[in-house]
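# Coordinate analysis (summary)
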Amino acid sequence: MSFIIGDSLEELKKIKDSSINLLITSPPYNIGKKYEKTKDLQEYLNEFIPIIKEIYRVLNPNGS
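None of these values were measured; they are calculated from a predicted model. (Residues numbered from 1 in each chain as written. Predicted model: local features only at pLDDT ≥ 70, side-chain atom pairs only at ≥ 80, totals over all residues. Heavy atoms only, no water.)

### Description of the environment of Asn-30
Under the convention used in this document: The numbering of helices and of strands both runs from the N terminus, where a helix is a DSSP run of H or I of at least 4 residues and a strand a run of E of at least 2. Classification of residues uses two cut-offs on accessible area relative to the type maximum, computed with a 1.4 Å probe and protein chains only: under 20% is buried, over 50% is exposed, and between them is partly exposed. Whether two residues are in contact is decided by their heavy atoms, any of which lying within 4.5 Å being enough. Polar contacts, as counted here, are pairs of nitrogen or oxygen atoms within 3.5 Å of one another; within protein the pair requires one atom able to donate a hydrogen and one able to accept it, and residues that are adjacent in sequence qualify only if both atoms are side-chain atoms.
Among the secondary structure elements, Asn-30 is positioned in the loop between α1 (8-13) and α2 (41-58). A relative accessible area of 14% places Asn-30 in the buried class. When the C-alpha atoms of Asn-30 and Asp-40 are compared, they prove to be 8.7 Å apart, with 10 residues separating the residues in sequence. Filtering out sequence-adjacent residues up to four positions away, Asn-30 remains in contact with Glu-36, Lys-37, Thr-38, Lys-39, Asp-40 and Tyr-44. Of note is the side chain of Asn-30, whose polar atom sits 2.7 Å from the backbone nitrogen of Lys-39.

Structural data, given as structure tokens:
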């Protein structure tokens, strides 16, 4: 097991396709918590969709 610490999008780009069996995330959920800055929904999605695409790319078809 290993942990990767860094900018999620940049770190995901370094991982080869379909090589991850288990991926756990804790993104900012954009729901107004004290520790996060709430963004316009479209702005939030524009930032998060590229990360979701990378997660999908690196996740093994039988992974979770």
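From this point, the discussion proceeds with the structure in view.
### Regarding the nonpolar core
What counts, and what does not: In this text, buried Ala, Val, Leu, Ile, Met, Phe, Trp, Tyr and Cys residues form a nonpolar core when linked through side-chain atoms within 4.5 Å.
Among the nonpolar cores identified, the biggest contains seven residues, and these are Leu-12, Ile-15, Tyr-44, Phe-48, Ile-51, Ile-55 and Val-58. Counting residues per element, this core draws most heavily on α2, at five residues. Leaving out residues up to four positions away in the same chain, Val-58 has contacts with Leu-12, Ile-15, Lys-16, Asp-17, Ser-18, Ser-19, Ile-20 and Leu-23.

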